[in-house]
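Remarks on the overall topology
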Amino acid sequence: MNVIDKLTHGMYVLTTLEAGCMVDAVSQVSAGDEPLVSVSINKNNYTHEKLMESKVFTLSILGMDCDPQIIENFGFHSSRDYNKFEKFDFVDVEGIKTVKNTIGYLYCEVVDMIDAETHTIFIG
C-alpha cells in the first residue's frame, strides 16, 4: 500500500444548488473572522458542474455514527439522474439543501478556484 493511502481525513456531504456528493478532500486554509476551507471535486462530477455555476456550497460534517445510507446516497449516485434529496431531511441554508443530523455544517462562497488536472480545488 502506498503511504498516500494512509492519510486520514473526515467525510463530508457537499451540497450546492440541485446537486450534492460525498467529499473527503477538505482542509482549513485560513482562520480569522471569515475562515477559508478548500475542497477538491472531480471535474467529471455533476456537482462540480453545478458548483461552477452557483459558486456557493455547504459542507455537512459526518460523524462516526452517521447513517450509512447518507454515504451510499451521496457517494454512489449522480445528481444528474438521481434525486439525492428525496430520502433525507434537510435544512435550507441560503437556498441550499443541507443534510440534517450531522456534527454541523459550513456555508461557503467560492472566492478562488485552482485547476488541479482532474479536479478543481474550490476555496470558500
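You'll find the structure just up there.
Not measured: the values here are computed from a predicted model.

One open sheet holds the four strands; their spatial order is β3-β4-β10-β9, and the pairing between them is antiparallel. Each edge of the sheet is formed by a strand with only one pairing partner; in this case those strands are β3 (26-30) and β9 (112-116). Averaged over all adjacent pairs, the angle separating strand axes in this sheet is 25 degrees, with direction ignored. On the sheet, helix α1 (residues 46-54) packs against β4 (36-42), β9 and β10 (119-123) and is oriented at approximately 40 degrees with respect to β10.

Next up on the list: the sheet that holds strand β1 (residues 12-16). Strand order in this open sheet of four strands is β2-β1-β5-β8, and the pairing throughout is antiparallel. Pairing within the sheet leaves two strands with one partner each, and these edge strands are β2 (19-23) and β8 (104-109). Recorded for the sheet is a direction-independent mean angle of 20 degrees between the axes of neighbouring strands. Two elements, β1 and strand β5 (residues 56-61), share four bridges in a ladder whose sense is antiparallel. Note that in β5 the partner of Val13 across the bridge is Ser60.

In this section: α1. Buried residues of α1: Tyr46, Thr47, His48, Lys50, Leu51 and Ser54, and no others. Where α1 is buried, its residues touch β1, β2, β4, β5 and β10. Between a side-chain oxygen at the N-terminus of α1 and the backbone nitrogen of Thr47 the separation is 2.8 Å; the capping residue is Asn45. Looking one or two residues past α1, Lys55 carries a phi angle of roughly 65 degrees, positive in sign.

A cluster of nonpolar side chains, Val91, Tyr105 and Tyr107, forms an exposed patch at the surface whose accessible area comes to about 250 Å². As for its position among the elements, Tyr105 is in strand β8.

What follows concerns the environment of Cys21. The topology assignment puts Cys21 in strand β2. By relative accessible area, Cys21 is classed as buried at 4%. Separated by eleven residues in sequence, Cys21 and Gly32 have C-alpha atoms that sit 28 Å apart.

Here helix α2 (residues 68-75) has its buried residues at Ile70, Asn73 and Phe74. Looking straight down α2, one finds its buried side chains confined to an arc of 85 degrees; they lie on one side. Capping the start of α2 is the job of one residue whose side-chain oxygen sits 2.8 Å from the backbone nitrogen of Gln69: Asp67.

Definitions and cut-offs
- Residues numbered from 1 in each chain as written.
- Predicted model: local features only at pLDDT ≥ 70, side-chain atom pairs only at ≥ 80, totals over all residues.
- Heavy atoms only, no water.
- Pairing = 2+ DSSP bridges.
- Helix = DSSP H or I, 4+ residues; strand = E, 2+ residues; numbered from the N terminus.
- Axes fitted to C-alpha atoms, helices over the stretch in contact; angles between N-to-C directions.
- Contact = heavy atoms within 4.5 Å.
- Buried < 20%, exposed > 50% of the residue type's maximum accessible area, 1.4 Å probe, protein only.
- Polar contact = N/O pair within 3.5 Å; in protein donor to acceptor, adjacent residues only side chain to side chain.
- Patch = residues over 30% accessible without salt bridge, like charges linked within 9 Å, V, L, I, M, F, W, Y side chains within 5 Å.
- Areas by Shrake-Rupley, 256 points an atom, 1.4 Å probe, with all protein chains shown as cover.
- Salt bridge = Lys/Arg side-chain N within 4 Å of Asp/Glu carboxyl O.
- Arc of directions from axis to C-beta.

These values are about where atoms sit, not about what they do.
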